[in-house]
Structures are given as structure tokens and as C-alpha cells.
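Inside the fold
So you can see what is in the structure, the chains are spelled out below.
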Amino acid sequence: MNYIWKEWKESLRSKGLWLSLGIIIIVSLLMLSRSSGLGVDQGFYILVVNLFESLIYFIPILCLFLGAFSIFQEKEQKTLVMLLTRQESTLSFLFKKSLAIQSVLIAPVFIWFFIYLIPLKFFFAIPFSHYFLFLAALIGFMLVFTQLGVFIGSISRSRMQITGIAIVIWFYFFFLHDFALLSVLSNVTHDNVQLFSIAYFLNPIQAIRMFLESSLGLYSFGNMSRLLESFMWLSPTMFFTLNLIFWLGLSFAGAVMLHRKEGFE
Amino acid sequence: MKKILSLLVLFALILGPCRPGATENLQSIIDEAEEGATIELENKTYEGNIVIDKPLKLIGADKTVIRGDATGNVISVRAEGVTLSNFEVENGSMNRNSSEEYAAIKVYTNGNTLEHLLIQNSFHGIYLSQAHENTIDHVQVIGSGDGEIAGQGNGLHIYYSNKNTLSNNEIEGTRDGMFFDYADGNVVLNNQISKTRYGLHFMYSNENEFKNNIFTFNTGGAAIMHSNGLKLEENEFIFNYGHRSFGILLLSANDNSIENNTFRMNQRGIYIDQSTRNLIRGNHIFQNQIGVELWASSNDQVFTENLIDENTLPAVTLGGTGNHFWSKDGKGNNWGNDFALLDLDQNGIGDTPATYQSSLYELIEDQELTYLFLKSPAITVYEKMNELLNNSKIMFEDEHPLTSNTGKQSLLWPALLLAGGLLFFYKIKSLRK
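Residues numbered from 1 in each chain as written. Chains lettered and ligands numbered in written order. Predicted model: local features only at pLDDT ≥ 70, side-chain atom pairs only at ≥ 80, totals over all residues. Heavy atoms only, no water.

Naming follows an unreviewed UniProt entry, where chain B appears as Nitrous oxidase accessory protein of Mesobacillus persicus. Checking UniProt for chain B, the heading Pathway (unreviewed entry) contains the comment "Protein modification; protein ubiquitination." (UniProt positions renumbered as here; feature names shortened; annotations may be inferred.)

The name an unreviewed UniProt entry assigns to chain A is ABC-2 type transport system permease protein, from the organism Mesobacillus persicus.

Structure follows, in C-alpha cells:
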């Protein structure tokens, strides 16, 4: 709890959290103004899908930076060394710090999207269960990229390093991962499609998008071909959950094992 | 004593047990009614099945239900000039081993009116069998919405039936919303069809008209197969979104006119295969993953005055290059922000042709999983890289692209740029600390 409180107070003073929240608010309001003329029934779904597609341009990079800089700040201010020499192990420090960062980042976004329901109610019929699925997808997205940010902050020794690694990771998930899969797509057969499926759903952007669209009932899996049936060998919810577990676990383990105490600049 | 007991058993067999509201009650009311009579039903559940073999009006109250015994059609209309109005029909037979396909209401005759009805728990909703000039208005059909496709019937099944009017109906969760089989000259207005396999399904049905219908959340909005001379105007095809879904499919369909419709957020807006001479004019095709997908077996489609914007791929031609016209009478299509066009003489027509190249056509032809990547930002990089490497092929050339402003400029990208700028400024500032 101390960590969360400390993180909250630090975030209040810094501009990063407010800038990120500001961007999310601006984008969501613009999307709403753009969708307000749509039909009462379909409008909600068009808005949610378009909003998600817009937010995936921002949330990964924002979460990567905020997670990384929050850890690096502990190094810069030498509070990390003090904490680690006194009562904390690296593992427990990173665990508590991750929890604190995740809570402080997710809570304001969650609150904003509750407030967002008010204008939404004026324009559309809102199936609340579907709205919560949208929030679940968004929070899943934030969890993964914030934890990757923690990993970057933990292994980096300078702000420049953080900036470089964050941009590389963002670029990888945003472009390179799918680009590599597109390049081997013509070689996918019924025999190796499951392997391809694992690689496809390793990208959190694809796994979370598929989870959202299928759980909203937009993307149907009826009358699939044999190839597609083999590709979807787990449900989209399972792919989403496993993706979350994999990236949260891997980035946390990486942050603990490759942790560097010192930072300069 | 034995004789008395036998008599009692005999009496019991003859007299009872009597079912409340038994079939013969409603059927006997119908049988006893004179031709042209109006029968007003009470607020209760009547047991079917019933056969109407004389012209009459059957009018329900707010909670009138006619429940079938699940052995056949709940209501069979075998006389002309029958009106069914304002009640619920349920529990038709789901039997697929029968020689007949059952429905909640099966109409075998002409000139009937079916209005303000709710139909559920039946195989087909309403089945017109060689029945002409009927009106189906404000009917709601609710299907099971899941399970195998063959186990579900169609909302409205129109078989060898001509010149019917289907208006203001709502259909959800059936196999096909409306299925037309050898049915010509029908008019379909203001219907809403969702969560079906195909909202509309045409087989061998010509000269039908569709206007102001809304098709959402179907596997395919409208599948038009082996049907000619149809008019589709001002319909909305939205969120037909599954793998390989489409707003409208034209398969072996010729000389159809598709005008002023909206195709939004479909996997493919318009999908054309083995079809010729279709006119696609004035439609709004946007935010689909593929705006128009044309297979080489198709020829001579005319695309004019459409707004085709914000699709991942505006149009692709697959399996070779067919011969299509991307403009008519000097008017092409408005490609939105997909092409930067100059219009120095300000006549609303671009000074240079809009030519679109793509390298994805081969992947789409060969590998169905390509559709899974159409929303990925990597697609843009993939296309640009292949363009640089000269691996792209011309998909279409619109010689007279329209440049007139759509009047609805998106505020999203300026906002995104502003947000990105703020973020960059913040990062630079924090790096200088």
C-alpha cells in the first residue's frame, strides 16, 4: 500500500500520467463526436471498435515509457539502493513497484471510462456487459505494456537507453511481428498452422483485438474452414489470457533477472 | 359389479381427459366462421395446429399466442384473402426428416396479409410456397441463433412466389434472414436483419427490389446468387465482420443495380465473383477491411459516384484482371483520403487518374489467413515495401476520380498528431533533465 501511495504522489507531481490520461480523454471524446450521428444500436459497437483501434496507437508507447521511467526514477534518486540494502529483495521490490505502477496507471483510465459512460448514454443503447469487456481488453493491454515498461526501466542505465528500447519494443509489436508473419504466410499449411497460430497470438495487439471483437459478438467463428479451425485451436478468451500470463510473467522474470541497480545521467 | 366397472371405464374413455383450449377449439371457431368473418382472439394461448381454408381475419389481443404441437406448420393458410394480425406464433415442427419443411406460418395462396406477428421457436418463420401478392408487414422472427446451420430455418422463406411485399420486419438469429428461391418481382422495404448467416439470400430470383433495409452482425449481409435485374437502394450493410464475411456478395448475378447503399465495417464491402454488368453507383463504402473484392471471372461492372474511403484496401482484383469500368459518363469515384489528387480546373474531377497498386492480392488469393492481418498496421509497411520492390500490381485505374469534399473531414488525425506532438515534447523535455 505504501508503494501505491508513494507512486500516486509521484505521479501527481509528474506530468507523464496526466499527459497520457489527457491523450486518452481527447481521443475518446473525438471518437465520440465522430460517432454521435450513428444508429443507436450499431453506433456503440462502431465507436468501441474505432476507439480501440485508435488507442492501440498510444497506449503501448505511453505505458512503456511510464512504466520504465517510474522504475528509473528510483535509480536516479538513489531510493532503489536504499530500499534494496535495507529490507527489500529485487524480486519483492519489483513486484510491489509493478503493482503500484499498474494501479496508479489503470485506476484513472478506469475512472475516466466510467465517466465516459455518461455522454455515451445520450447517443447509444449500451450493453453494459459488452462495455466491461471493452474495459477488460483495454486494461489487459495496459497491463502487458506497463509490465514491459517495468522490464525496460529495470534493465536500463540511462534515459536514452529507455527511450531506445521502448521505441524498439513498440515498433516490434506494432509492425515487425506481423510483418515477419506476413512474410512466412504463404508457407503456412494445415500441418504447421498451430505453430503459426501461437506466433500470431503472441502479439498482444492481435490477441486482445481478437478477444474484444469475438466477445462483443462482432467476429463470428461459424462455418470455419479446416485450416481456420486448426488456427483457432483455443478460444479467443484463452489466447488473451495466455498472452497476458506469458508477457506479464516473461517481462517480470526478465526485470528481476536482468535488473541493474545503478543508473546515471 | 364387473359390469358397472366396465361401464365406468368406457365412460371415462369416451368423455375425458379434455385438454384446456384444445386444437379443435380454435380450429372449430375457424371452421364455423363464415367466409369474410373477423375472428377476434382473446388474451390467451390457443393450441394449434390450425388450417385456414376460407378468407377471414384472425385478429389477436395483446397477449394472444397460438402454440403449435411441434408436429407440423402451426398455421397453414390455404385460402386467399386471409389476414393474420397481432399475435404470437410458436412451437412449429423442427423435424428435418420430413418431406416438407415446416414453418410457424405456411402460406400456399395469394393475396393474404400477415402483420404485427411475433414468431419464435419454429424452423422457418413464414414460408410462402407458390404464393403471390401477399403482404408481410411488422413481423418479428426470432431464431435460435446458434447450433448447426442446417438445424435452423430462415426468417422469411419465399419459394416460387412472386410480387409479394415484405416490409418493416425484424429478423434475428435465423439461418438466412430472407431466402428467395425462384421468386421474382418482390418488394422488400425497411426490414432489419441481424445475427443470421446471410441477411438476404437469393437463388434464381430476378427483378426484386430492396430499399431501406438494415443488415447488421450477419456472416454475410446479402448473398445474391444466380439472380438478375435486382435493385438494391439505400440499404445499410454494417458489421458483417467475421472471417471472410461480406456486406454483399454477387455470385453469377448479372445486370443488378446497387445504388446509394452504405457498406461499413464489413470484412469485405462488396464481393463480386462470376458476375457481369452490375451497376454500383452512389454507395458509401467505408471502414471495411476490403472495400471491393473483384474476382477475375467477373467482367463489365460499372463503379461510379461511390465514396470509397478509409478501407484497409479500397479495391482488389484477384485471380487475374477482369474488365471493369471505374467511371461512367466522365464521373469516377471519390476515393477520400486514399489518393492525393489535384483539381486545378475545379470541376470536381481529378486532373490525373487514381491508380491503386497492391501486392497483397497474391497472398489473399492463396492464403485465407491473410484476412487476419488486414487490420494490422504492418499491412501499410508491407504494401509500401513491395511497391518499392516493384512487386505490386495495378488493382484499378479510375480515370475520372471525384475530388469533391465529402464535407465530413475527420478530426481524428489532427488530434492524433497533436497528441503525438505533446508526447514528443514531453519526452524531449524529460531527456534534458
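Residue and element names in this part refer to chain B. Along strand S8 (residues 103–107), five of the five residues are buried, which leaves the element largely enclosed by surrounding structure. In this structure, strand S6 (residues 75–77) lies alongside S8, joined through three bridges in parallel fashion. Counted as the bridge partner of Ile 75 is Ile 105 from S8. Summarising the sheet, S8 and strand S10 (residues 124–129) pair through four bridges and their orientation is parallel. Bridging from a neighbouring strand, Val 107 pairs with Leu 128 of S10. (Buried < 20%, exposed > 50% of the residue type's maximum accessible area, 1.4 Å probe, protein only. Helix = DSSP H or I, 4+ residues; strand = E, 2+ residues; numbered from the N terminus. Pairing = 2+ DSSP bridges.)

Applying the stated criterion across every chain yields a total of 55 aromatic pairs over all chains. Taking the centre distance of 4.8 Å and the plane angle of 5 degrees together, the rings of B:Tyr160 and B:Tyr182 count as stacked. Taken together, the residues B:Tyr160 in the loop between strand S12 (156–159) and strand S13 (165–167) and B:Tyr182 in the loop between strand S15 (176–181) and strand S16 (187–189) connect sequence positions 22 residues apart. Looking at B:Tyr182, the relative accessible area reads 36%, which means it is partly exposed. Pairing B:Phe239 with B:Tyr241 gives two aromatic rings, centres 5.3 Å apart and planes at 75 degrees, and the pair type is edge-to-face. When its relative accessible area of 2% is taken as the criterion, B:Tyr241 is described as buried. A network of ring pairs unites the aromatic residues A:Phe44, A:Tyr45, A:Trp112, A:Phe113, A:Tyr116, A:Tyr131, A:Phe134, A:Tyr219, B:Phe217, B:Phe239 and B:Tyr241 as a single cluster. Between the NZ or CZ atom of B:Lys106 and the centre of the ring of B:Tyr127, over which it lies, the distance is 4.2 Å. (Phe/Tyr/Trp six-rings, centres within 6.5 Å; stacked < 30°, edge-to-face > 60°. Lys NZ or Arg CZ within 6 Å of the ring centre and 35° of its normal.)

With 44 residues of chain B in contact, the opposing surface of chain A contributes 51 residues. Of the roughly 4700 Å² buried where chain B meets chain A, counting both sides, 72% is carbon and sulfur surface. Sorting the residues of chain B by area buried against chain A places B:His243, B:Leu372 and B:Phe373 first, and these three jointly supply 15% of that buried surface. Residues B:Lys375 and A:Glu53 are paired through a salt bridge, measuring 3.6 Å at the closest nitrogen-oxygen approach. Linking chain B with chain A are nine residue pairs in polar contact (both at pLDDT 80 or more). Ranked by the residues each element gives to the side of chain B that touches chain A, the list is headed by helix H5 (residues 412–432) of chain B, at eleven residues. A breakdown of the residues in the side of chain B that touches chain A according to their chemical character gives 26 nonpolar, eleven polar and seven charged. (Contact = heavy atoms within 4.5 Å. Buried area = accessible area lost by both parts, 1.4 Å probe. Salt bridge = Lys/Arg side-chain N within 4 Å of Asp/Glu carboxyl O. Polar contact = N/O pair within 3.5 Å; in protein donor to acceptor, adjacent residues only side chain to side chain. Nonpolar A, V, L, I, M, F, W, Y, C, P; charged D, E, K, R; others polar.)

What follows covers the pattern of salt bridges. Applying the stated criterion across every chain, the model contains twelve salt bridges over all chains. Notably, a salt bridge pairs A:Arg209 with A:Glu53, separated by 2.8 Å at the nearest N-O pair. In this pair, A:Arg209 is assigned in helix H11 (residues 204–215) and A:Glu53 in helix H3 (residues 40–55), connecting sequence segments 156 residues apart. What makes A:Glu53 buried here is its relative accessible area of 16%. Residue B:Arg67 is joined to B:Glu47 by a salt bridge in which the shortest nitrogen-to-oxygen separation is 3.8 Å. Here B:Arg67 is found in strand S5 (residues 65–67), whereas its partner B:Glu47 is found in strand S2 (residues 45–47), with 20 residues between them in sequence. Classification of B:Arg67 by relative accessible area gives partly exposed; the value is 32%. A relative accessible area of 22% places B:Glu47 in the partly exposed class.

The next thing to look at is helix H1 (residues 2–13) of chain A. All names here are of chain A. With twelve residues, H1 ought to run about 16 Å at 1.5 Å a step, and its terminal C-alpha atoms sit 17 Å apart, in line with that. Every buried residue belonging to H1 is among Tyr 3, Glu 7, Glu 10 and Ser 11, and all of these are buried. Projected down its long axis, H1 carries its buried residues within an arc of 100 degrees, all on one side. Of the residues in H1, the exposed ones pointing more than 90 degrees away from the buried face are Asn 2, Trp 5 and Arg 13. (Expected span 1.5 Å × (residues − 1). Arc of directions from axis to C-beta.)

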